[in-house]
Amino acid sequence: MNFSTNTTYAAVATQVTLDKVLSNTVDNKGVDRTLPKGLTNINELFNVPAITNNDTEVMPANTGDNKGSADVTVLTQLGQTNKVGAIWSKRTQSDTSKQNYINVDKRQTMSMWMYFGGVDSFGGTDTGDGMALVLQNVSDSAFTNGGDVANIPGEALGVWGTVISPADVVASALAKTAIQKSWAMEFDTYPNSGTYDSNFDKNVSGFNHIASNYPARESTYGIGTEGAYMNHDNLITSIPTATRTSNFLTDDHWHHVTLTWTPAPSGSTDATMTLNYDDKNMDGTPKLTSAGKVNTKVMKVDTTAFDLNGSNKLYWGFTGSTGLSSENNLIIFESIPSLVEADATTSIIDETSGNREITDATTDNPNANVVHQGDKVSVNYNLNYLSGSKPWENIDATINLPDKIDYSSALITYTDDAGKTSTETIGEFSGMTNNQIEHKLGQSLYKTGITSANVKFEGTVNAGTTTTETDVPAAHASFYGSDLQKDVMTKAFVIKQPNKITLTKTGSDVTTSFNTEVLLNGKVSYSDKTKTVDPSKLTVVASVNGQVAKTSMNSILASNSTDTFALPVSSQLFSNLHEGANTVTIYVYNNEDYNVSDTITYTVTISGTVSLSASDSNFKTVQSFGDNSIIPRGSDWSINVTDSRQKGAGWKLFASATPLVNEDKETWTNSKDGQSLIFIDGSGNTNNLVNNEVEISGAVKSQTSAQDYDIDSQWSTSDGILLKRGSYESAGIYTSTITWNLQDSI
C-alpha cells in the first residue's frame, strides 16, 4: 500500500493491547479497565463494508476478548498498520424496525463511548490516525477515493480528499476523491504537517484535535508551498476536563460523546450539530469543567451539502485509518436515534412555596436553589418518547434520591397519546436504604400508546436541628432500556432554617350563603420582631377544600396597613364550596427567599337553599277562529331553579293555574272544562294545570357547588306548558296566574 510516512515520536510508555483494554477489570497497575455500558446487536444496525484492508469488526458482548456487557466496535487496532476502518448505518434494510439513519427533519441524538488508544501520560506515544464521524447520502459502503485503499494516506481518515501524487494537488481534485454528499467531524490523533504529501494539519497546533468540514467541497482544502492542507472548522485543540493537555484524545481513557442534531428552522438550510465531548463519567454522572459546564461545541451544518433531493434520511457512521502509526480506535454505541429518541429530565418542586421548581441560583435570583426546613417537596423524573421505530422498553431505573428529605410516597404516572393516565407503584420504595432505588418500569414508551412517564417521590425537607445552611448535592439517576440509555442529575439545593413568618387569625368562623362573599381576616408578622413585613414580597396561598388559589398580599391588605389582610371567599372564587362546613387554610411565602409561614384555618359554613325564579310569560298571538290546536309558547319564558345545598339533595317543581280570562271578563272556552293550560311531559302524557297541581320537573344535585337548572330550555315545541284552543275563542288578551310549588324532595 502506498501510505504516507508519518513522523514517529519517541515514546516513554507503550499503548495497551486490545485484550487488556477490553478486560473489564482493574489491572495490577491500578488502571481502571471497566468497560462502559451500551447497546448490543450492533451488527443488525450497522454494516462493515467490504473494503480492502478494512480492519473494522464488531466484538459481541461477553465474547472473546470483550469482557463487557455491550458490543464493542473495533474500527482500527493497535499494531495493524496501513489499515482502514469503516462502519455505516443500515439505512435501507428491509426490516424497518432496524433501519438506522439520521432524520434531518427531527431532533436526533447519537451517544457513544469512544477510545483512541495512547497512554495516560504524554511522552510522544506513536498513535495514529484517529476516527471521523460522518453523515453522508451516498451508501453504506462509502469511503475515500471510492474505496481504492491502495491510494489512501492515513491523514484522510477514510473520508477527506486524498493526495494521489504531487501533480494532483489541486483543491478541486482533492474534493472529488472524498466521500461525496457529506459532512464530517474528525477526532484526529496524529499531527500531519511538514511534508509535501502529509501536510493536512499545518495550521493546527497540538498533538490531538477535533474539527469539522464538508469533505466534498473544494473550499475545505487549501494548497500551500508544502502541499495540500485542510481548513479545520470548529477546531478544538484542548479540553478543560482532560487530564492531559495535548493528548486529550489519546490518553488511554474512554470518553463519552453526545451528538445532537437540531433541524434547520423553517426557510433555512442551516441545521446544527452540538458536540458534548467527555461529558460524563463511567458511572453516568456528568463530567464538568471547573466552571460547572460540559465541554460543548455548536456547529452549523449546511444541509444542501447532502443533495437530499426530497429525502430526509442520511447514513451515519465512522471511518478511520492507520499509517505506520496505529492505535485501538473503539466505539461502544449508547443510542440510535432512528430506533428510539427520547428525553429524560428531572426536577425538584417545592410544593410549599407555590409549586416552585428549584433552579440554579443567579444574580437576579440568589435564592432560586433554596428550600426551607419542613417544606413539602417532590422529586420528579420525566421520561418522554419523541420519535423512532421501536418502543423504549425494559427500562431499568437506578435512582439515587437527593439527601435530607424524608420521603413519604413514590408513584409512576404514565400518560398515553390520548392524554389518559395510569399509575404504577414502586414496591422497592418501602425497603429503600440510603435513598437508593432500583426499579424496572412496568410499561414501555412509544409514539403510540404510552408516550411519557413521571416517576415522582414526595417528602419533607429535613436537615435536622442544625441552625446553619445545609448544602444538598446533585443526585444521579439512570434509565437504561433497550436501544437507549439516559442519565440525569437532580439540581443541588440549599436548606435554610427559616425566620418563621407567623399568621394570626383575627376573625371568627363564618356562616354565609352561596354567591355571597365573606372576608377572612388575619395578620402577618415575623418571629424575629426586628424584621418588618414587606407585603410586596409576600404571596398568599389559600386552599378551600383542597382547591388552591394564590394572590398577592398587597391586593388584600386592609386600608393603611402593611400586615393586616382580609381574604375574600365566595362560590364565584372557589367553585368547590359546598353546603355545610368548608375548610379554608391560608399561608404566605416570601417571593424572594421562599420562606413560608405557618397555616391558619377558618371554617366557612354555607347555608344551602333551593330557589325558583320565573318571569311573566306569553303564548304566541293567533287568529281568533279556532281549530282545536295547540298554541306554542312565546320566546320570553324563563323558569330557573338554583340549588345551593349539598351534593345529592333533591327537589321537585309543581305548577297549577287559574282559568284564562280576557279584559271583558270572558273565560277561555276550554277553561270551562279545565283544559286550556296544559302540561305535556316528555313521554307525551297530557295533564291540565287549571285548578290542578302537576309535577313538571325535578332533579338530584350532582355537584358540590351551586347548580342551576333552566327548566323551560329542556322543553321542545311539543311539550312543556302549552295552551289548548277550542273551536272558538273571543278575541282579546287572556291572562292566567301560575302558582309554582318548589319542594325539597328526592
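Residues numbered from 1 in each chain as written. Predicted model: local features only at pLDDT ≥ 70, side-chain atom pairs only at ≥ 80, totals over all residues. Heavy atoms only, no water.

### Digging into the overall build of the chain
Under the convention used in this document: We count a stretch as a helix when DSSP gives it H or I for four or more residues in a row; a strand needs E for two or more, and each element gets its number in order from the N terminus. The globule rule used for comparison is 2.2 Å times the number of residues to the exponent 0.38, while the radius of gyration itself is calculated over C-alpha atoms. Only protein chains enter the accessibility calculation, which uses a 1.4 Å probe; a residue whose area is less than 20% of its type maximum is buried, one above 50% is exposed, and one in between is partly exposed. Throughout, a contact is declared for two residues whenever any of their heavy atoms are within 4.5 Å. Surface accessibility follows the Shrake-Rupley procedure with a 1.4 Å probe radius. Residue values consider only the protein chains on display as shielding. Charged-residue counts in this description rest on Lys and Arg as positive and Asp and Glu as negative, His and the chain ends being excluded. Every charge is mapped onto a representative atom, which is NZ of Lys, CZ of Arg, CG of Asp or CD of Glu.
When its secondary structure is counted, the chain shows 2 helices and 48 strands. Rg of the C-alpha trace for the chain: 39 Å, well past the compact-globule value of 27 Å for 746 residues, more than 25% over. Here the C-alpha coordinates of the chain stretch approximately 125 × 75 × 45 Å along the principal axes. Considering the chain as a whole, with its 746 residues, one finds that 49% of them fall into the buried category. Long-range pairs, those at least 24 residues apart, make up 74% of the contacts in the chain between residues at least 6 apart in sequence. Of the roughly 31,700 Å² of accessible surface on the chain, 45% is carried by carbon and sulfur atoms. Taken together, the 50 basic and 82 acidic charged side chains of the chain have centroids lying 2 Å from each other.

### Considering the packing of aromatic side chains
Our working rule: Pairing of aromatic rings covers Phe, Tyr and the six-membered ring of Trp, with a centre-to-centre limit of 6.5 Å; geometry is then stacked below 30 degrees between planes, edge-to-face above 60, and tilted otherwise.
This model, assessed by the stated rule, comprises 18 aromatic pairs. When the centroid spacing of 6.5 Å and the interplanar angle of 80° are considered together, the rings of Tyr 407 and Phe 457 count as edge-to-face. Of this pair, Tyr 407 sits in strand β23 (residues 405-416) while Phe 457 sits in strand β26 (residues 450-461), and the two are 50 residues apart along the sequence. Across this residue pair, the class does not change: Tyr 407 and Phe 457 are buried.

### Quick notes on the confidence of the model for the chain
Our working rule: Per-residue confidence from the predictor is reported as pLDDT, which spans 0 to 100.
A residue-level look at the chain finds 94% of positions with pLDDT of 70 or above and a mean pLDDT of 90. Note that pLDDT drops below 50 for residues 1-11; the model gives that stretch 36 contacts with residues more than four away or on any other chain.

### Topic: the sheet that holds strand β48 (residues 738-744)
What counts is decided by this rule: When DSSP finds at least two bridges between two strands, those strands are taken to pair. Axis definition: a line fit to C-alpha positions, over the contact stretch in the case of helices; interaxial angles, taken between N-to-C directions, run 0 to 180 degrees.
Pairing is antiparallel across the open sheet formed by 3 strands, whose spatial order is β45-β42-β48. The strands lining the two open edges of the sheet, one partner per strand, are β45 (694-700) and β48. Averaged over all neighbouring strand pairs, the angle between strand axes comes to 20°, with direction disregarded. In terms of strand pairing, strand β42 (residues 650-657) meets β48 through 7 bridges, oriented antiparallel. Its bridge partner being in β48, Ser 656 is matched across the sheet by Thr 739.

### Considerations on the pairing of strand β37 (residues 580-590)
Judged from the 7 bridges that link them, strand β34 (residues 538-544) and β37 form a sheet pairing that is antiparallel. Paired with Thr 539 across the two strands is Tyr 589, which belongs to β37. In this sheet, strand β38 (residues 600-606) lies alongside β37 in antiparallel orientation, the contact comprising 7 bridges. Counterpart to Val 584 in the pairing with β38 is Tyr 602.

### Here we look at the sheet that holds β23
Ordered in space as β19-β18-β21-β26-β23-β24, the 6 strands form an open sheet in which the pairing is antiparallel. Lying at the two open borders of the sheet, with one neighbouring strand each, are β19 (356-357) and β24 (421-425). Pairing analysis gives 2 bridges linking strand β18 (residues 341-350) to β19, with the strands arranged antiparallel. Within β19, the position partnered with Asp 350 by the bridge is Arg 356.

### Concerning unusual backbone geometry
That bond from Gly 128 to Asp 129 is cis: its omega, -5°, falls within 30 degrees of zero. Assignment of secondary structure puts Asp 129 in the loop between β6 (108-115) and β7 (130-136). Even without glycine at this site, Asn 355 takes up a positive phi of about 55°. Among the residues examined, Asn 355 registers a relative accessible area of 53% and is labelled exposed. Positioned with a positive phi, Lys 404 is a non-glycine residue whose angle comes to about 65°. Following the sequence through the fold, Lys 404 ends up in the loop between β22 (396-400) and β23. A relative accessible area of 31% means that Lys 404 is categorised as partly exposed.

### Quick word on the environment of Thr 359
Here Thr 359 is to be found in the loop between β19 and β20 (370-372). Judged by relative accessible area, Thr 359 falls into the partly exposed class, the value being 33%. The spatial distance from the C-alpha of Thr 359 to the C-alpha of Phe 493 is 8.2 Å, given a sequence separation of 134 residues. Filtering out sequence-adjacent residues up to four positions away, Thr 359 remains in contact with Ala 368 and Asn 369.

### Overview of the pattern of salt bridges
Our working definition: Only one rule defines a salt bridge in this text: a Lys or Arg side-chain nitrogen within 4 Å of an Asp or Glu carboxyl oxygen.
All chains considered together, the criterion is met by 17 salt bridges. The salt bridge involving Asp 252 is made with Arg 33; its shortest N-O contact spans 2.7 Å. Placement of Asp 252 in the loop between β12 (233-236) and β13 (254-262) and of Arg 33 in the loop between α1 (18-21) and β1 (46-47) is noted, with a sequence separation of 219 residues between them. Neither Asp 252 nor Arg 33 differs from the other in exposure class; each is buried.

### Focus on the side chain of Arg 633
For clarity, the cut-off: N or O atoms within 3.5 Å of each other form a polar contact, as long as, within protein, one can give a hydrogen and the other can take it, and as long as residues adjacent in sequence are counted only when both atoms are side-chain atoms.
Within the secondary structure, Arg 633 sits in the loop between β40 (630-631) and β41 (639-643). No salt bridge is formed by the buried Arg 633; its nearest oppositely charged neighbour, Asp 719, is found at 5.1 Å. At a separation of 2.8 Å, a polar atom in the side chain of Arg 633 contacts the main-chain carbonyl oxygen of Asp 719. Here Ile 721 takes part through its backbone oxygen, which lies 3.0 Å from a polar atom of the side chain of Arg 633.

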